[in-house]
Amino acid sequence: MSAPETTIVTRAAGERHTPPRTMGFGDLVLFYVVTGISLRWIATAAAAGPSSIVIWIGAWFLFYTPLALSVLELSSRHPQEGGLYVWTKRAFGDFSGYMSGWSYWTSNLPYFPAVLYFAASNALYIRGDRWTWLSGNASFYIWFSLLALSLITILNVVGLNIGKWLHNAGAVGMWVPVMIVVIMGLYAWHRFGSATSFTPSAFIPATHLKDMVFWATLTFAFGGCETGSFMADEIKNSRRTIPRALLVAGLIVTFCYVMGTVGVLLAMPSREVSDLQGLMQAITRTADRLGWFTVIPVAAALIALSNLGAAGAYLASVARLPFVAGIDRFLPPIFGKLHSKWGTPYVALILQFLCAIVFVFLAQAGTSVKGAYDVLVSMGIITYFIPYLYLFAAMYKLQREPAGEEVIRVPGGKPIAKVIACVGFFTTMVTIFLSLVPSPDETNKVLATVKVVGLTGALLGAGALFYYLAKRKTAAGNIV
């Protein structure tokens, strides 16, 4: 079954449903950088040693490349606000479109506290030893997350033309620390030798189940290149701008992940790298050896800023999913309303803010700070990757549609596009399965698994219930 394309329309005279176009090519490149790079994954990769470089390359070929090519073609086929939601709806109908958007939207609920925990842990390095005692203090992480969520929500409610400056600043805060790590790592290698042994055997990834779980995490790191399409109606000349920006940002993202990992491993042994603070550990350790002490607070501030920018960018883009679903009446119509002054989907933004607060507290229930972080990561991966199953399936099915001259096709046309869709779908399925396995460091594995499965199931069940209620209300003629 195929549904008509989603477009932003006016339902009543004087009621505006088209946000202003505020994103240019440069803004979109920086947006893709801040949503495509997460510095926490560089630390996670470095903790696994040189073999993570091979896994980065594998994840790039098996997930990022199929995803980027699929987004390039689908966004040129159907460049409407909502992106993934529109493509899935076009391919499989209303319910699938709705559930793909719902899953992606709810995946950001565990994402926000996870990325803000990382920002908080690295911000402690701004004051060095004076603040390190807070590293295991759950109250500090909770308060930091609450204040940060409040800030990014206010900026995005005021308008994307304001909020995008936080995203742009966050993008700079992403790649500058990576360059600091790379430069310092190379210089330390020149002066003292490498802190990690890069022998051929060290590049061979381990294949035990607990090690394969790590593969899923690095695959997850390459997500994000679909985010810009959610705001297609707010991007200037979106059909042309999205593909160009995606290609430029893709090169930056890949360079930062691979070279950032190499830089950390040159600076310190992998066994001493922490998931939450590994990047700053490498910078601090190397700065101490080289006497570059002023670099430490600057890098810490940039890393914290980068993660605030990433959280703000995801909040901005993903809020457009319930906005479009509200216009289609799959969610209460209030979700499809724009702020009368700022032209933003303020209801979706505020609701996401409130739900994210709930997850900040849920994550801490009965576990440590690191345990909470691992649960948030696993849950975020599962709910985040379910929409990718829809995306790759839509890419496969929509090959039946004729492609106009304006469509940017995958090199090789329909046969290669189908192969790419199948590779991406299979990689996504494997990643979801591996994400169900709790971290080896988790002290309460049963509780961690129950949290991940239970909360994920509750989110998906709630979405299906809302859809059912909306359809029943429509059938009964209760929606005007």
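Residues numbered from 1 in each chain as written. Predicted model: local features only at pLDDT ≥ 70, side-chain atom pairs only at ≥ 80, totals over all residues. Heavy atoms only, no water.

Asker: Please explain the overall build of the protein chain as it appears in this structure.
Answerer: Across its full length, the protein chain carries 16 helices and zero strands. Looking at the 480 residues of the protein chain, the share that counts as buried comes to 59%. Residue pairs at least 24 apart in sequence account for 84% of intrachain contacts in the protein chain once pairs closer than 6 positions are excluded. Surface exposure of the protein chain reaches about 18,300 Å², of which carbon and sulfur atoms provide 69%. (Helix = DSSP H or I, 4+ residues; strand = E, 2+ residues; numbered from the N terminus. Buried < 20%, exposed > 50% of the residue type's maximum accessible area, 1.4 Å probe, protein only. Contact = heavy atoms within 4.5 Å. Areas by Shrake-Rupley, 256 points an atom, 1.4 Å probe, with all protein chains shown as cover.)

Asker: Quick question: what am I supposed to make of the side chain of Glu-234 here?
Answerer: With respect to the element layout, Glu-234 can be found in the loop between α8 (209-221) and α9 (238-267). A distance of 2.8 Å separates a polar atom in the side chain of Glu-234 from a polar atom in the side chain of Arg-320. (Polar contact = N/O pair within 3.5 Å; in protein donor to acceptor, adjacent residues only side chain to side chain.)

Asker: Just checking my understanding: could you explain empty space enclosed by the protein for this structure?
Answerer: Rolled over the atoms, a probe as big as a water molecule pinpoints where empty space is left. Scanning the model with the defined rule gives seven cavities of 30 Å³ or more in all. A volume near 190 Å³ is recorded for the largest cavity. Taken together, 21 residues line the largest cavity, and the ones lying closest to its centre are Thr-35, Arg-40, Tyr-111, Phe-220 and Tyr-314. Elements supplying a minimum of two residues to the lining of the largest cavity: α1 (25-36), α2 (39-47), α5 (94-123), α8, α11 (295-318) and α14 (369-397). Looking at the lining of the largest cavity, the element that brings in the most residues is α5, giving four residues. Partitioned by chemical class, the residues of the lining of the largest cavity number 12 nonpolar, eight polar and one charged. (1 Å grid on protein atoms, 1.4 Å probe; cavity = no way out; pocket = protein on both sides within 12 Å on 5 of 7 lines; lining within 4 Å. Points joined across faces, edges and corners; volume = space filled by probe spheres on them. Nonpolar A, V, L, I, M, F, W, Y, C, P; charged D, E, K, R; others polar.)

Asker: For this particular structure, what's the right way to read a nonpolar patch on the surface?
Answerer: Taken together, Leu-465, Phe-466, Tyr-468 and Leu-469 make up a surface patch of nonpolar side chains, about 390 Å² in accessible area. Topologically, Phe-466 is positioned in helix α16 (residues 445-475). Owing to a relative accessible area of 40%, Phe-466 belongs among the partly exposed residues under this scheme. (Patch = residues over 30% accessible without salt bridge, like charges linked within 9 Å, V, L, I, M, F, W, Y side chains within 5 Å. Salt bridge = Lys/Arg side-chain N within 4 Å of Asp/Glu carboxyl O.)

Asker: I would appreciate a short explanation of helix α3 (residues 51-77) in the present structure.
Answerer: Structurally, the α-helix is built with 3.6 residues per turn, so residues lying three or four positions apart point the same way. Taking 1.5 Å of rise per residue, the 27 residues of α3 would be expected to cover 39 Å, and the 38 Å separating its terminal C-alpha atoms lies within 8% of that figure. Of all the bends in α3, the greatest, near 40°, is centred on Trp-60. Across the 27 residues of α3, 19 count as buried, placing the element largely inside the fold. (Expected span 1.5 Å × (residues − 1). Bend = angle between axes of the 7 residues up to and from the residue.)

Asker: Explanation requested: the packing of aromatic side chains in the structure shown.
Answerer: How two aromatic rings sit relative to each other is given by the distance of their centres and the angle of their planes. All chains considered together, the criterion is met by 20 aromatic pairs. Measuring from centroid to centroid gives 5.4 Å for Phe-222 and Tyr-257, while their planes differ by 80°, and the two rings are edge-to-face. Here Phe-222, found in the loop between α8 and α9, pairs with Tyr-257, found in helix α9; they are 35 residues apart in sequence, far enough to count as distant. Looking at Tyr-257, the relative accessible area reads 0%, which means it is buried. (Phe/Tyr/Trp six-rings, centres within 6.5 Å; stacked < 30°, edge-to-face > 60°.)

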